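Descriptive structure summary
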Amino acid sequence: MTVPEELWVDPQVLRGLATDLGRISEVIEGIDPRGLDELASAMPGSDIGRACADSRDETWQALSNCAKRVGQMGFLVRGAGDDYQATDSEIGTGFTAMGDLP
């Protein structure tokens, strides 16, 4: 069996994936880590409650970073789907460039 050097991606599939990634990014962005404060108040004096309260800002930052990465993936995929037929290596190069994001 011969393996092709490049695999062409269906632009319609890319557009669908981009839409899904955009929705996922919005859902992640909408998660409110203030619920950790409510959890902490439900366990006064507890080490777990204190850890929940102490981790709220870090949790928010992690969720924000995750939403940005998923959103960026959607942007890259949408660009490939809207502009031209892309190879898997071209899309992979865009994903690799995301390594600089937090």
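Bear in mind that the values here come from a model prediction, so they are computed numbers and not experimental data.

What counts, and at which threshold
Residues numbered from 1 in each chain as written. Predicted model: local features only at pLDDT ≥ 70, side-chain atom pairs only at ≥ 80, totals over all residues. Heavy atoms only, no water. Helix = DSSP H or I, 4+ residues; strand = E, 2+ residues; numbered from the N terminus. Buried < 20%, exposed > 50% of the residue type's maximum accessible area, 1.4 Å probe, protein only. Contact = heavy atoms within 4.5 Å. Areas by Shrake-Rupley, 256 points an atom, 1.4 Å probe, with all protein chains shown as cover. Core = buried A, V, L, I, M, F, W, Y, C linked by side-chain atoms within 4.5 Å. Polar contact = N/O pair within 3.5 Å; in protein donor to acceptor, adjacent residues only side chain to side chain. Salt bridge = Lys/Arg side-chain N within 4 Å of Asp/Glu carboxyl O. Expected span 1.5 Å × (residues − 1). Arc of directions from axis to C-beta. pLDDT = per-residue confidence, 0-100.

Along the protein, the regular secondary structure elements total five helices and zero strands. N-terminal to C-terminal, the α/β element order of the protein is α-α-α-α-α. A burial count over the protein gives 25% of its 102 residues as buried. Within the protein, residue pairs in contact and separated by at least 24 positions form 71% of the contacts whose partners lie at least 6 positions apart. When the accessible surface of the protein is split by element, carbon and sulfur atoms take 58% of a total near 7000 Å².

Within the largest apolar cluster, eight residues are counted, these being Leu14, Ala18, Leu21, Ile28, Leu63, Ala67, Val70 and Val77. Sorting the residues of this core by element identifies α1 (11-29) and α4 (56-83) as the ones contributing at least two each. Once you skip the residues sitting within four places of it in the chain, Leu63 turns out to touch Ile28 and Ile31.

Looking at where Asp57 falls in the secondary structure, it is placed in helix α4. Separated by 21 residues in sequence, Asp57 and Leu36 have C-alpha atoms that sit 9.9 Å apart. A distance of 3.3 Å separates polar atoms of two side chains, one belonging to Asp57 and the other to Arg56.

Here the focus is the pattern of salt bridges. All chains considered together, the criterion is met by five salt bridges. Note that Arg23 and Asp20 form a salt bridge whose closest N and O atoms lie 3.7 Å from each other. Residue Arg23 and its partner Asp20 are both found in helix α1; the two are separated by three residues, about one turn of the helix. By relative accessible area, Asp20 is classed as partly exposed at 40%. Each member of the salt-bridge network shares a partner with another, and the members are Asp37, Arg56 and Asp57.

Our focus in this paragraph is α1. Taking 1.5 Å of rise per residue, 19 residues should cover 27 Å, and α1 covers 27 Å from first to last C-alpha, within 8% of that figure. Looking only at α1, the buried set comprises Pro11, Leu14, Ala18, Leu21, Ser25 and Ile28. All buried residues of α1 lie within an arc of 95° about the axis, which places them on one face of the element. Of the exposed residues in α1, the ones pointing more than 90 degrees away from its buried face are Gln12, Val13, Arg23, Glu26 and Val27.

Looking at the protein as a whole, its pLDDT mean stands at 81, while 73% of the residues score no less than 70. Of all helices and strands in the protein, the one with the weakest mean pLDDT is helix α5 (residues 88-97) (69), whereas α1 scores best (90).

Tracing the sequence through the fold places Ile28 in helix α1. Judged by relative accessible area, which is 13%, Ile28 ranks as buried. On a C-alpha basis, the gap between Ile28 and Ala67 in space is 5.5 Å, while along the polypeptide they are 39 residues apart. Those residues within four positions of Ile28 in sequence are excluded, and the remaining contacts are Leu63, Cys66, Ala67 and Val70.

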